[in-house]
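Residue-level structural notes
Below are the chains, spelled out letter by letter.
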Amino acid sequence: MTVTAYANPDSLVSTAWLAERLASPDIRVVDATYYLPVQGKNARAEYEARHIPGAVFFDIDEIADTSVPLPHMLPSPEKFSSRMRKLGLGDGNKIVIYDAHGMMSAARVWWTFRAFGHRDVAILDGGLPKWIAEGRPVDDALPHPRERHLTARFNNFLVRDKEQVRANIASKREQLVDARSATRFQGAEPEPWPGRRSGHIPGSFNVPYTDLLDPANKTFLPADRIRTRFQQAGVDLGKPVICSCGSGITACVLAFALHLVGDENVAVYDGSWSEWGLPGDTPVEP
């Protein structure tokens, strides 16, 4: 039997759903747009020029552990709580996240909230491009949210570090799935992060995150097609998964897609290739 419905449908909301509830007191909207340094765009400036009314901006590079040289690693629970309080995002809110790509960095912020124990969080399907294409309102007014408390409880089951990934190469207890393009995975295209080697983590599978989206409007594929895409790559959906990518951003698109089809506990390798690909003793396959 073909199953097109999602196992966790409340985690993905449509533009029509959000438009009907935009003024609801318990709904909070978050712009989670992020650009790679090589893209030369300023996500905050673009947010300030045009965003869904009432949306606050989640700065992925700043709401992070800025004491380490790796990009946008998870912050401490204390820093996360502090930043969310200032953004007016807290306990009792349903948080809806979007980005200006349609789907790229929104999933990273969805996963971050879940890593800190906030489960009432959803992604806007198709993001800002679909919202604009449908003629829905945008503005440049910056909101002044009332501070709200958020209880952050770190869930280490959703996060993996380098040593855990290294140990997993031998144990094969979890399947590692890489969200980068096939050419980057195969080492045929240079990495956008300077100084990183090319290739992939030994034994990993490749599911480019774009393969899980409708190319026309960047909405997620139906559940059966998501499952099929992972299975075609060799992934056993009955076994645990770690998702990886270039710097921990698009790995979360894979984690979100697996969540949609019923896997509640997909882990993300936070350092991803920006850490693993550095010169050193981490093994690399072409």
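The protein chain has the name Sulfurtransferase in an unreviewed UniProt entry, where Hypericibacter terrae is given as its organism. Quoted straight from UniProt, the Subcellular location (unreviewed entry) entry for the protein chain says "Cytoplasm". The annotation that UniProt attaches to the protein chain under Catalytic activity (unreviewed entry) is "2-oxo-3-sulfanylpropanoate + [thioredoxin]-dithiol = [thioredoxin]-disulfide + hydrogen sulfide + pyruvate + H(+)".

1. Considering the overall build of the protein chain
On a plain count of helices and strands, the protein chain comes out with 10 helices and 10 strands. Taken against the 2.2 N^0.38 rule, which gives 19 Å for 286 residues, the C-alpha radius of gyration of the protein chain at 18 Å falls within 12% of a compact globule. Out of the 286 residues belonging to the protein chain, those deemed buried represent 51%. At a minimum sequence separation of 6, the contacts of the protein chain that also span at least 24 residues come to 78%. With the model as given, the accessible surface of the protein chain reaches about 12,500 Å², and the carbon-plus-sulfur share is 51%. Taking the average location of the 32 positive side-chain charges in the protein chain and that of its 35 negative ones, the two points are 2 Å from each other.

2. A few points about the layout of surface pockets
When its volume is computed, the largest pocket comes out at roughly 360 Å³. As for the largest pocket, its lining consists of 20 residues, and the residues nearest its centre are L36, M104, R184, Y209 and T250. In the lining of the largest pocket, the residues fall into 10 nonpolar, seven polar and three charged.

3. Quick look at the sheet that holds strand β6 (residues 159–160)
For sheets, the rule is that strands pair by backbone hydrogen bonds, running either parallel or antiparallel. The strand order across the open sheet formed by five strands is β6-β10-β9-β7-β8, and the pairing between neighbours is parallel. A single partner strand is all that each edge strand has here, and the edge strands are β6 and β8 (205–206). The sheet strands contacting helix α9 (residues 251–260) are β7 (175–178), β9 (241–244) and β10 (267–269), and the helix crosses β9 at an angle near 145°.

4. Digging into the domain arrangement of the protein chain
Its domain assignment divides the protein chain into domain 1 (9–155) and domain 2 (157–277). When each unit is reduced to the centre of its C-alpha atoms, the spacing between domain 1 and domain 2 is 22 Å. The interface of domain 1 with domain 2 comprises 30 residues on the first partner and 28 residues on the second. When domain 1 packs against domain 2, close to 2,500 Å² is buried across both sides, 69% of that on carbon and sulfur atoms. Of all residues in domain 1, the largest losses of buried area upon contact with domain 2 belong to M103, W111 and N155, amounting jointly to 23% of the total for that side. Our count for the contact surface shared by domain 1 and domain 2 stands at three salt bridges. Here R119 makes a salt bridge to E264, at a shortest N to O gap of 3.2 Å. The tally of links between domain 1 and domain 2 comes to 11 residue pairs in polar contact (both at pLDDT 80 or more). Considering every element that reaches the side of domain 1 that touches domain 2, the biggest residue donor is helix α4 (residues 106–115), with six residues. Grouping the constituent residues of the side of domain 1 that touches domain 2 by class yields 18 nonpolar, seven polar and five charged.

5. Structural notes on the side chain of S204
Its place among the elements puts S204 in the loop between α7 (182–185) and β8. Assessed through its relative accessible area of 11%, S204 is described here as buried. Within the structure, S204 has its side chain in polar contact with the backbone oxygen of I201 (distance 2.6 Å). Among residues more than four places away in sequence, those in contact with S204 are L176 and F185.

What counts and what doesn't
- Residues numbered from 1 in each chain as written.
- Predicted model: local features only at pLDDT ≥ 70, side-chain atom pairs only at ≥ 80, totals over all residues.
- Heavy atoms only, no water.
- UniProt positions renumbered as here; feature names shortened; annotations may be inferred.
- Helix = DSSP H or I, 4+ residues; strand = E, 2+ residues; numbered from the N terminus.
- Rg over C-alpha atoms; globule rule 2.2 N^0.38 Å.
- Buried < 20%, exposed > 50% of the residue type's maximum accessible area, 1.4 Å probe, protein only.
- Contact = heavy atoms within 4.5 Å.
- Areas by Shrake-Rupley, 256 points an atom, 1.4 Å probe, with all protein chains shown as cover.
- Lys, Arg positive; Asp, Glu negative; His and termini not counted.
- Charge placed at Lys NZ, Arg CZ, Asp CG, Glu CD.
- 1 Å grid on protein atoms, 1.4 Å probe; cavity = no way out; pocket = protein on both sides within 12 Å on 5 of 7 lines; lining within 4 Å.
- Points joined across faces, edges and corners; volume = space filled by probe spheres on them.
- Nonpolar A, V, L, I, M, F, W, Y, C, P; charged D, E, K, R; others polar.
- Pairing = 2+ DSSP bridges.
- Axes fitted to C-alpha atoms, helices over the stretch in contact; angles between N-to-C directions.
- Domains from an automatic or database assignment.
- Buried area = accessible area lost by both parts, 1.4 Å probe.
- Salt bridge = Lys/Arg side-chain N within 4 Å of Asp/Glu carboxyl O.
- Polar contact = N/O pair within 3.5 Å; in protein donor to acceptor, adjacent residues only side chain to side chain.

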